[in-house]
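Architecture at a glance
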Amino acid sequence: MSSLQYRKDRMSQMAQTWGAEHVNELFIRKRIPKNLYDALRRSIGMYIAKALHFEYSEREDIFMLRLDAHRIDRTNVTPNGGVVPKKEYALEYNFYIRSWCDVVKHFIENDPSYLKKFRLTPNIRIKFANELEDNIGRGLDTALPHSDAWVEGPWGMNCHLPIFGDTQRNYLHFYKLKDESKFEDKFLETSAEYTSMQWVTDYYEDDKIVPEQQYINVSDYALLHKTKRLPYASSRVSIDTTIFAGEHDVHPDRKGEYLDSVPNIGEDLYIACLRSEKENVVDKKTVFSHYTSGSLKHITL
């Protein structure tokens, strides 16, 4: 017997507990209040501007033009578009994480205890209009259909927020099961590369979901997804992270990223960045670990 019905029930319980709406049985979303969303966008914009060395602008069109002009500045950007926190802009990183924590607190306010593990390393992902050259052909290229279960274990949920740019033509594309009766838990086994799990895509077909701005979008790992760029798409910026509900363990290589509850950044906790952008890029500890592994330190205030 597969875990599919449990996953649907868990998603329904989450929607009911936190006041979210169903997109389908494995995908829910909840609208973020404008004041929290605007603060989050501003903090992300300032963080990215510092990391890519350009002047921040409140105007989204100007901000995106400057971002595209600094595409070649890869000092603090991974092949997959992740913006890496460094010492030189640690304050901007903490402002961003504080804004993110405020958004999550609103998301779970009806019953914070239902959130079992909180990930303190949400990814800021830049997906330029054209893929970064060093990402093409990588085993973990998110342009391949994939489940985050393949690198994080089977029980988390995707959490995705489009933030800036062309989020209608450059977006996270989802797949649905062709026949739910054929779903097997082996579809979600861990793998060092997405390429070795592409056989799973035979059981899936395209869905029509396009995640919208100002929503937290949560989907079960049983839904495959990928970065998709339609013709003439421009660049976009988004958040991707994970949410855990239920008594499940995270992947051993990921445990350092999680807390038992949402912290108060700047009041109870400060995140120190241990690496400088002047230092050489350090490889991840393992293929399953995060690019911030070993580079952040939690300081209790």
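Before any of the text, the structure's been laid out above.
As the structure is a prediction and not an experimental result, all values here were calculated from the model.

What follows deals with the pairing of strand β8 (residues 215-220). Burial runs high along β8: six of the six residues are buried. Residue alternation in β8 divides its side chains into two sets, Y215, N217 and S219 and I216, V218 and D220, and both sets are buried. With five bridges connecting them, strand β2 (residues 27-31) and β8 associate as antiparallel partners. Its bridge partner lying in β8, F27 is registered against S219. Looking at chain direction, strand β5 (residues 157-165) and β8 are connected through four bridges and run antiparallel. Paired with H160 across the two strands is N217, which belongs to β8.

Under the criterion given, the structure shown has 19 salt bridges. A salt bridge links R7 to D220; the shortest N-O distance between them is 2.9 Å. Separated by 213 residues along the polypeptide, R7 in helix α1 (residues 4-18) and D220 in strand β8 bring together distant segments of the chain. The buried category is assigned to R7, whose relative accessible area is 1%. E257 is the salt-bridge partner of R119, the closest N and O atoms lying 3.1 Å from each other.

As a further point, take the side chain of N135. Along the chain, the position of N135 falls in the loop between β4 (123-127) and α5 (149-152). Side-chain polar atoms of N135 contact the side chain of N80, separated by 3.1 Å. Side chain to side chain, N135 and R138 meet in a polar contact 2.6 Å long. Beyond its immediate stretch of four places on either side in the chain, N135 contacts P79, N80, K127, D141 and T142.

In this fold, E277 is placed in the loop between β12 (269-273) and β13 (296-300). Buried and unpaired, E277 has K278 as its nearest opposite-charge partner, separated by 5.3 Å. At 3.0 Å, the side chain of E277 and the side chain of H53 are in polar contact.

Here the focus is the sheet that holds strand β7 (residues 204-206). The three strands are arranged β7-β6-β9 in an open sheet whose pairing can be described as antiparallel. Since the sheet does not close on itself, it has two edges, and those belong to β7 and β9 (225-229), each with one partner. Sheet twist, expressed as the mean angle between neighbouring strand axes with direction ignored, is 40°. Relative to β9, strand β6 (residues 170-177) runs antiparallel, the two being bridged by five bridges. Of the residues in β9, the one forming a bridge with L172 is T227.

When two helices pack together, their arrangement is given by the angle between their axes and by how far apart the axes lie. In the contact formed by helix α2 (residues 34-51) and helix α4 (residues 90-107), the axes pass within 8 Å of each other and the chain directions differ by 155°. Between α2 and α4, the angle is such that the two are roughly antiparallel. In this structure, α2 crosses over α4, and the sense of that crossing is left-handed. Contact residues: α2 offers L36, A39, L40, S43, I44, M46, Y47 and K50, while α4 offers E92, Y93, F95, Y96, S99, W100, D102, V103 and H106.

A few words on the environment of Y215. One can find Y215 in strand β8. The buried category is assigned to Y215, whose relative accessible area is 9%. For the pair Y215 and P33, spaced 182 residues apart in the sequence, the C-alpha separation amounts to 9.1 Å. Each residue touching Y215, except ones within four places of it in the same chain, is listed here: E21, R29, K30, R31, I32, H160 and L161.

Rules used in this analysis
Residues numbered from 1 in each chain as written. Predicted model: local features only at pLDDT ≥ 70, side-chain atom pairs only at ≥ 80, totals over all residues. Heavy atoms only, no water. Buried < 20%, exposed > 50% of the residue type's maximum accessible area, 1.4 Å probe, protein only. Helix = DSSP H or I, 4+ residues; strand = E, 2+ residues; numbered from the N terminus. Pairing = 2+ DSSP bridges. Salt bridge = Lys/Arg side-chain N within 4 Å of Asp/Glu carboxyl O. Polar contact = N/O pair within 3.5 Å; in protein donor to acceptor, adjacent residues only side chain to side chain. Contact = heavy atoms within 4.5 Å. Lys, Arg positive; Asp, Glu negative; His and termini not counted. Axes fitted to C-alpha atoms, helices over the stretch in contact; angles between N-to-C directions. Parallel < 35°, antiparallel > 145°, perpendicular 65-115°, else oblique. Left-handed = near helix turned anticlockwise from the far one by under 90°.

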